[in-house]
Amino acid sequence: MVQWTDFERQTIQSIFGKMDYDDVGPAALSRCLIVYPWTQRYFGNFGNLSNAAAIQGNPKVAAHGKTVLQGLVLAVKNMDNIKATFTELSVLHSEKLRVDPDNFRLLADCLTIVVAARMGAAFTADVQGAFQKFLAIVVCSLCRQYH
Amino acid sequence: MSLTAKDKSVVKAFWGKVSGKADVVGAEALGRMLTAYPQTKTYFSKWADLSPGSDPVKKHGAVIMGAIGNAVGLMDNLVGGLSALSDLHAFTLRVDPGNFKILSHNILVTLAIHFPRDFTPEVHIAVDKFLAALSAALADKYR
């Protein structure tokens, strides 16, 4: 069972409470597809991903970025039970989508960078630590059902 | 994942903007790493104060960013150019090379905060590749 300090709990709630999901989700996913181009392997039916501009303007990427972020919001609402909350999503990513779990870490890093850029100086070292702990737990929960 | 001519020119152009704030970026990246990845503190047991903004962190952050800035000019031969630093890290400091990736990530986060408009995905990929190549060159002499 994950132990959250009050600071960590408040930090995560605050970040997601103030976040524009429709901006951050698409920005994080498109950045991941651009910076780590091999991640495009999972999006063969998304149309034009041939360059950064195409990826950033691609409506399917944007829609999927929002979907991914809604998944994270689920974890924010169930911070004391992320593992159980994500059981089905983990099975989905393992059995159906067959996503190499290393990709979760790549997306998490891109999300950290997007959130850092939006928050500026408010994204202090301690806030970064809390945010990355949260993402590490989400990633771990997504990996759990792989076998 | 070698550096293309385009990667090099993107890094050089972006570093033109970064170099004025290099000390600040270095200090902040190091402070973030020590806070968000506490296992990295094990390499700095001699420092009295490991908090972000402390004197040793500021000083050492500037040293690191200075070396990275030099490496921008050495991109055509990072292994050769970083040979002495690789010796230092391999035989004296003995930093586990996994930590180069961690520090690189924190440099990227710091750059995103200080240059939100300039740190586009295209710049991000070029700088990430540069830091990865630099890390590999730094680890060259390890074994």
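Our structure is the block above this text.
Every chain begins its residue count from 1, and numbering advances along the sequence as written. Labels are handed out in written order, letters beginning with A for the chains and numbers beginning with 1 for the ligands. Owing to the predicted nature of the model, reporting of local features is limited to residues with pLDDT of at least 70; listing and counting of side-chain atom pairs is limited to 80 or more, with chain, interface and lining totals taken over all residues. Hydrogens and water molecules were not included; the side-chain quantities draw on all heavy atoms of the structure.

Q: Can you help me understand the overall build of chain A in this one?
A: Looking only at helices and strands, chain A features 8 helices and 0 strands. Scanning chain A from its N terminus toward the C terminus, one meets helices and strands in the order α-α-α-α-α-α-α-α. Radius of gyration (C-alpha) of chain A: 15 Å, near the 15 Å computed for a compact globule of 147 residues. Projected onto its principal axes, the C-alpha coordinates of chain A cover approximately 45 × 40 × 20 Å. Burial status follows relative accessibility: with a 1.4 Å probe on protein chains alone, a residue under 20% of its type maximum counts as buried, one over 50% as exposed, and anything between as partly exposed. For chain A, with 147 residues in total, the buried portion stands at 49%. Summing over all exposed atoms, chain A offers an accessible surface of approximately 7400 Å²; the carbon and sulfur share of this is 55%. Charged-residue counts in this description rest on Lys and Arg as positive and Asp and Glu as negative, His and the chain ends being excluded. Here the site of a charge means atom NZ of a Lys, CZ of an Arg, CG of an Asp or CD of a Glu. Each charge sign in chain A was given a centre, from 14 positive and 12 negative side chains, and these centres are 5 Å apart. Starting at the N terminus, helices and strands are each numbered in turn, a helix being any DSSP run of H or I of at least four residues and a strand any DSSP run of E of at least two. Only C-alpha atoms enter the radius of gyration, while the globule expectation follows 2.2 Å times N to the 0.38, with N the number of residues. Accessible areas in this description were obtained via Shrake-Rupley with a 1.4 Å probe; residue shielding takes into account the shown protein chains only.

Q: Help me understand unusual backbone geometry in this model?
A: Both trends apply: most residues other than glycine have a negative phi, and most peptide bonds are in trans. Phi is positive for Arg 98 of chain A, which is not a glycine, with a value near 50°. By the secondary structure assignment, Arg 98 of chain A is in the loop between helix H6 (87-96) and helix H7 (102-119). Owing to a relative accessible area of 60%, Arg 98 of chain A belongs among the exposed residues under this scheme. Although it is not a glycine, Arg 94 of chain B sits at a positive phi angle of roughly 55°. Within the secondary structure layout, Arg 94 of chain B lies in the loop between helix H5 (83-93) and helix H6 (98-114).

Q: Can you help me understand the interface of chain A and chain B in this one?
A: When the parts of a complex come together, some accessible area is lost, and that lost area is often taken as the interface size. A contact between two residues is defined here by any heavy atoms of the two lying within 4.5 Å. Residue-level contacts link 23 residues of chain A with 21 residues of chain B. We define buried area as the total accessible area lost by two parts upon association, computed with a 1.4 Å probe and summed across both. At the boundary of chain A with chain B, total buried surface from both sides reaches about 1700 Å², with 63% on carbon and sulfur atoms. It is Arg 31, Ile 113 and Gln 128 of chain A in chain A that bury the most area against chain B; as a group they hold 30% of the surface buried on that side. Between Lys or Arg on one side and Asp or Glu on the other, a salt bridge is scored when a side-chain nitrogen of the former is within 4 Å of a carboxyl oxygen of the latter. Linking chain A to chain B there are 0 salt bridges. For this analysis, a polar contact is any N or O atom pair within 3.5 Å, provided that within protein one partner can donate a hydrogen and the other can accept it, and provided that sequence-adjacent residues contribute only side-chain to side-chain pairs. One can count 9 residue pairs in polar contact (both at pLDDT 80 or more) joining chain A with chain B. Mapped by element, the contributors of at least two residues to the side of chain A that touches chain B are helix H2 (21-35), helix H3 (52-57), H7 and helix H8 (125-143) of chain A. If you tally residues by element for the side of chain A that touches chain B, the top one is H7 of chain A, at 6 residues. Here the residues of the side of chain A that touches chain B are counted per class, giving 13 nonpolar, 7 polar and 3 charged. Residues were grouped as follows: Ala, Val, Leu, Ile, Met, Phe, Trp, Tyr, Cys and Pro as nonpolar; Asp, Glu, Lys and Arg as charged; and all remaining residues, including Gly, as polar.

Scope: geometric values only; no functional claims are made or implied.
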